[in-house]
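What follows is each chain in one-letter form.
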Amino acid sequence: MNFLELAQARRSLRTYLDKPIEQEKLEYILESARLAPSWKNLQCWRFVLVEDTAGRKALAECMSESNPGRKALMGAPMVIVLCAVPSESEVWEGKDFMMLDAGLAMEHLVLAATDQGLGTCWQGLFSEEKVREALDVPGNVRVVAMTPLGYAAEERRPRPRKAMAEIVFHGKWGGLV
Ligand SMILES: Cc1cc2nc3c(=O)[nH]c(=O)nc-3n(C[C@H](O)[C@H](O)[C@H](O)COP(=O)(O)O)c2cc1C
């Protein structure tokens, strides 16, 4: 699979098989996240791996019942919670590079999971405070996002994306490619 095929294969998957994740696959995925670039190479990200049913249930309960990702957290064998340490990044001219750094590492993780035949689904809509309590995350650390990880029990067609001309300009803002 070349990189474009990998990007095309990644989908947000919300139903999972009751099948464990091989240790070597997990290590491959986490190592891919570890290698992400970051502001001043400060690597603000931390990952909490939650496998037990009670732990995943507690995380699902941090989400609203209308969030379609909620059932994914219960169905997958593992949930990976993305945390970030603000003192290990910076806000520069109003731009929060901590969120960017953490997001880069998470997307490395997500794409590496796709590469290993595993499904993921970014989750952003949850009560940070409740997750903090459930996982004992200290007050000076942000809980940024989470994802279920496991073998998907569904195939999904790609969701639409903006046309290239809407997002890529040539030479200056608005310039036609
Ligand atoms: C930062 C972020 C937060 C997201 N939060 C949620 C969420 O809380 N619940 C959910 O079901 N999907 C969530 N998603 C998944 C998006 O809905 C999904 O990526 C988008 O619809 C495009 O679909 P695709 O990922 O299958 O290409 C989130 C995605 C991102 C990048």
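Up top is the structure.
Scope of this entry: the structure provided in the associated data block. (Residues numbered from 1 in each chain as written. Predicted model: local features only at pLDDT ≥ 70, side-chain atom pairs only at ≥ 80, totals over all residues. Heavy atoms only, no water.)

A short note on the environment of V137
- In this fold, V137 is placed in the loop between helix 6 (128-135) and strand 6 (142-150).
- For V137, a relative accessible area of 9% puts it in the buried group.
- Along the sequence, V137 and P37 sit 100 residues apart, while their C-alpha atoms lie 24 Å from each other.
- Beyond its immediate stretch of four places on either side in the chain, V137 contacts C83, R132 and V143. (Helix = DSSP H or I, 4+ residues; strand = E, 2+ residues; numbered from the N terminus. Buried < 20%, exposed > 50% of the residue type's maximum accessible area, 1.4 Å probe, protein only. Contact = heavy atoms within 4.5 Å.)

As for the pattern of salt bridges
- Overall, the coordinates contain seven salt bridges when judged by the stated rule.
- Put simply, E128 and R132 hold a salt bridge, and the shortest N to O gap is 3.0 Å. In this pair, E128 and R132 both sit in helix 6, four residues apart, roughly one turn of the helix.
- Exposure remark for R132: the relative accessible area of 11% places this residue in the buried category.
- Note that E128 and R142 form a salt bridge whose closest N and O atoms lie 2.9 Å from each other. In this pair, E128 is assigned in helix 6 and R142 in strand 6, connecting sequence segments 14 residues apart.
- For E128, a relative accessible area of 18% puts it in the buried group.
- A single salt-bridge network, built from bridges that share partners, covers E128, E129, R132 and R142. (Salt bridge = Lys/Arg side-chain N within 4 Å of Asp/Glu carboxyl O.)

Regarding the site of the ligand
- Taken together, 14 residues lie around the ligand, and R11, S12, N67, R159 and R161 are the ones closest in.
- The separation between an oxygen atom of the ligand and a polar side-chain atom of R161 is 2.8 Å.
- Isolated, the ligand exposes 620 Å² of accessible area, and the fraction of that covered by the protein chains is 70%.
- Across the shell around the ligand, the residue classes tally to four nonpolar, five polar and five charged. (Near = heavy atom within 4 Å. Polar contact = N/O pair within 3.5 Å; in protein donor to acceptor, adjacent residues only side chain to side chain. Areas by Shrake-Rupley, 256 points an atom, 1.4 Å probe, with all protein chains shown as cover. Nonpolar A, V, L, I, M, F, W, Y, C, P; charged D, E, K, R; others polar.)

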